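Here's the letter readout for the chains.
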Amino acid sequence: MSDALINGLAGAGGGIIAQLITYPLQTVNTRQQTERDMKKERRKLGTVEQMFQSNDRQVAKQEGWTRLYGGLTPSLVGTATSQGVYYYFYQILRNKAEVAALEHRKKGIGDGSVGMFSSLVVAALSGCINVLLTNPIWLVVTRMQTHTKKSQSSQTQSMGSDEPVLAALELPPYGTIHVIQEVYGEAGVLGFWKGVLPTLIMVSNPSIQFMLYETLLKKLKQRRALSKKDNNGVTALEIFLLGALAKLGATVVTYPLLVVKARLQAKQVTGGDKRHHYKGTLDAITKMIHYEGFNGFYKGMSTKIVQSVLAAAVLFMVKEELVRGARWFLTNNSGNSARSKLS
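Per chain, residues are indexed from 1 in the order of the written sequence. Residue-level local features of this predicted model are given only where pLDDT is at least 70; pairs of side-chain atoms are given and counted only at 80 or more, and the full residue set underlies all totals for whole chains, interfaces and linings. Excluding hydrogens and water, the side-chain values take into account all heavy atoms of the structure.

Colleague: Break down the overall build of the chain for me, citing the residues and quoting the values.
Modeller: Elements are defined by DSSP. Helices are runs of H or I of four residues or more, strands are runs of E of two residues or more, and each kind is numbered from the N terminus. Counting its secondary structure elements, the chain contains 12 helices and 0 strands. The linear arrangement of helices and strands in the chain, starting from the amino end, is α-α-α-α-α-α-α-α-α-α-α-α. We call a residue buried when its accessible area falls under 20% of the maximum for its residue type, exposed when it is over 50%, and partly exposed in between, using a 1.4 Å probe and counting protein chains only. Burial analysis of the chain (343 residues in total) assigns 47% to the buried set. For this analysis, residues touch if any pair of their heavy atoms sits within 4.5 Å. For the chain, the share of sequence-separated contacts (at least 6 apart) that also reach a separation of at least 24 residues comes to 75%. When the accessible surface of the chain is split by element, carbon and sulfur atoms take 64% of a total near 17,500 Å². Accessible surface area values rest on a Shrake-Rupley calculation with a 1.4 Å probe, where residue burial reflects the displayed protein chains alone.

Below is the structure:
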């Protein structure tokens, strides 16, 4: 089994576990991002209030606990596919970068290690491939997360008030097939790539994340090697903390793009307020600045920081443990096979 395949499978496994743990936070955060309340005097709700209090915007009280896991199935498929694709191509490109660095060292250029810029390029290219392949899955997830269950009376009240309609008002069921049919009916095949432009730009998020993570991990291993002569003596807890720190830095920088992407992918009810209809990325950015100000780009950021940092930390920790276990298994298995042939 190749190292790229091991990392791809380990990344998929780590991503699934992280997604299961943090998915309710992700649902609440998506709803916060797509909220388009223009009433400045209205009190803003925090993450816990959004999940528990009795209000038309809260999830658990109004719509049931299952809505916190709306879109979980396609999300798990998307997570496994996304992480698997990303880590697979990341490892392939990383190997090529390492070979190139060694060749440069032979020519007297550099120390033979992959630098920060090369790590950034590798992560960015891997991210672009991942986005182009998996954007349709995440569009379906966003639609399902922002879909709300409402009674007929509450629908009538919402349509007749000044409140913007934020999500689909169709009565359940609203499963994956329904979303696919809805998106295709709205814009055809290209509709599944709504929000792909800001998402492509957002490859800088994992790029920054992995650049920080690789740099911090490298420095920690170097320090550990000098003190204990063990370049691999990094614990699961240390991996967890490094992953959390790297994700925190990347999230703060790129969060506005995430909000724009969510706005574009969420269902926009026809015939509503034109301020809530976005023709594309530039139109969304312009309208958000004009009607909501720059604060609109940071809606739900505290929730996202908690969710993404926790998910990234769990992902890195589980992935490293799976990679370590797979390599140990393959090494021992090959050793046993060799001894069996000799005997």
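Colleague: Describe the packing of aromatic side chains, naming the residues involved and giving the relevant values.
Modeller: Only Phe, Tyr and Trp rings are paired, with Trp represented by its six-membered ring, and only when their centres lie within 6.5 Å; those with planes under 30 degrees apart are stacked, over 60 edge-to-face, the remainder tilted. Within the structure shown, the criterion is met by 6 aromatic pairs. An angle of 85° between the planes, with centres 5.4 Å apart, marks the rings of Tyr88 and Phe89 as edge-to-face. For Tyr88, a relative accessible area of 35% corresponds to the partly exposed category. A centroid spacing of 6.4 Å and a plane angle of 20° characterise the contact between Tyr255 and Tyr298, whose relative ring orientation is stacked. Residue Tyr255 is found in helix H10 (residues 236-265), and its partner Tyr298 is found in the loop between helix H11 (281-292) and helix H12 (301-342); the two are separated by 43 residues along the sequence. Of the aromatic side chains, those joined through ring pairs into one cluster are Tyr86, Tyr87 and Tyr90.

Colleague: Quick rundown of the packing of helix H1 (residues 3-34) against helix H5 (residues 116-146)? Include the residues and the values.
Modeller: Working convention: axes come from line fits to C-alpha atoms, limited for helices to the stretch in contact. Angles between N-to-C directions cover 0 to 180 degrees. Running from N to C, H1 and H5 cross one another at 75°; their axes reach a closest spacing of 9 Å. By the criterion of interaxial angle, the relationship of H1 to H5 is roughly perpendicular. Facing Gln19, Tyr23, Gln26, Thr27, Thr30, Arg31 and Thr34 of H1, the residues of H5 in contact are Trp138, Val141, Thr142, Gln145 and Thr146. When the residues that make up the contact of H1 with H5 are grouped by side-chain class, the tally is 3 nonpolar, 8 polar and 1 charged. If an angle is under 35 degrees, it is roughly parallel; if it is over 145, roughly antiparallel; if it lies from 65 to 115, roughly perpendicular; otherwise it is oblique. Charged residues are taken to be Asp, Glu, Lys and Arg, nonpolar residues to be Ala, Val, Leu, Ile, Met, Phe, Trp, Tyr, Cys and Pro, and polar residues to be all remaining types, Gly included.

Colleague: Could you give an account of the side chain of Lys261, naming the residues involved and the relevant values?
Modeller: If you trace the backbone, Lys261 turns up in helix H10. For Lys261, which is buried and forms no salt bridge, the nearest opposite charge comes from Glu182, at a distance of 16 Å. Residue contacts for Lys261: discarding those within four places in its chain leaves Gly195, Pro198 and Thr199. Charged residues are defined narrowly, with Lys and Arg counted positive, Asp and Glu counted negative, and His plus the chain ends left uncounted. Criterion for a salt bridge: a side-chain nitrogen of Lys or Arg within 4 Å of a carboxyl oxygen of Asp or Glu.

Colleague: Describe the environment of Ile16, and please don't skip the residues or the numbers.
Modeller: Of note, Ile16 is situated in helix H1. Overall, the relative accessible area of 29% leaves Ile16 in the partly exposed class. When the C-alpha positions of Ile16 and Thr79 are compared, they lie 6.1 Å apart, and in sequence the two are 63 residues distant. In this structure Ile16 touches Leu76, Thr79 and Ala80, once residues within four positions along its chain are discounted.

Colleague: Please give an account of the environment of Leu102 that cites residues and values.
Modeller: Along the chain, Leu102 falls in helix H4 (residues 72-106). Since its relative accessible area comes to 44%, Leu102 is described here as partly exposed. In sequence terms Leu102 and Gly112 are 10 residues apart; their C-alpha atoms lie 4.5 Å from each other.

Colleague: Report on the side chain of Lys319, specifying residues and quantitative values.
Modeller: By the secondary structure assignment, Lys319 is in helix H12. We classify Lys319 as buried; its relative accessible area is 6%. Among all residues touching Lys319, those that are not within four sequence positions of it are Asn7, Ala10, Gly11 and Tyr87.

Colleague: Let's hear about helix H7 (residues 176-187): which residues, and what values?
Modeller: The terminal C-alpha atoms of H7, which comprises 12 residues, lie 17 Å apart, in line with the 16 Å expected from a rise of 1.5 Å per residue. Inspection of H7 places Val179, Glu182 and Val183 among the buried residues, and these make up the whole buried set. With its buried residues spanning 95° around the axis, H7 presents them on a single face. In H7, the exposed residues that point more than 90 degrees away from the buried face are Ile177, Gln181, Tyr184 and Gly185. Looking at the buried positions of H7, the neighbouring elements they touch are H5. The positive-phi residue at the C-terminal boundary of H7 is Gly188, with phi of around 70°. By this rule the span expected of a helix is its residue count minus one, scaled by 1.5 Å. Throughout, the arc means the angular range of directions from the helix axis out to the C-beta atoms.

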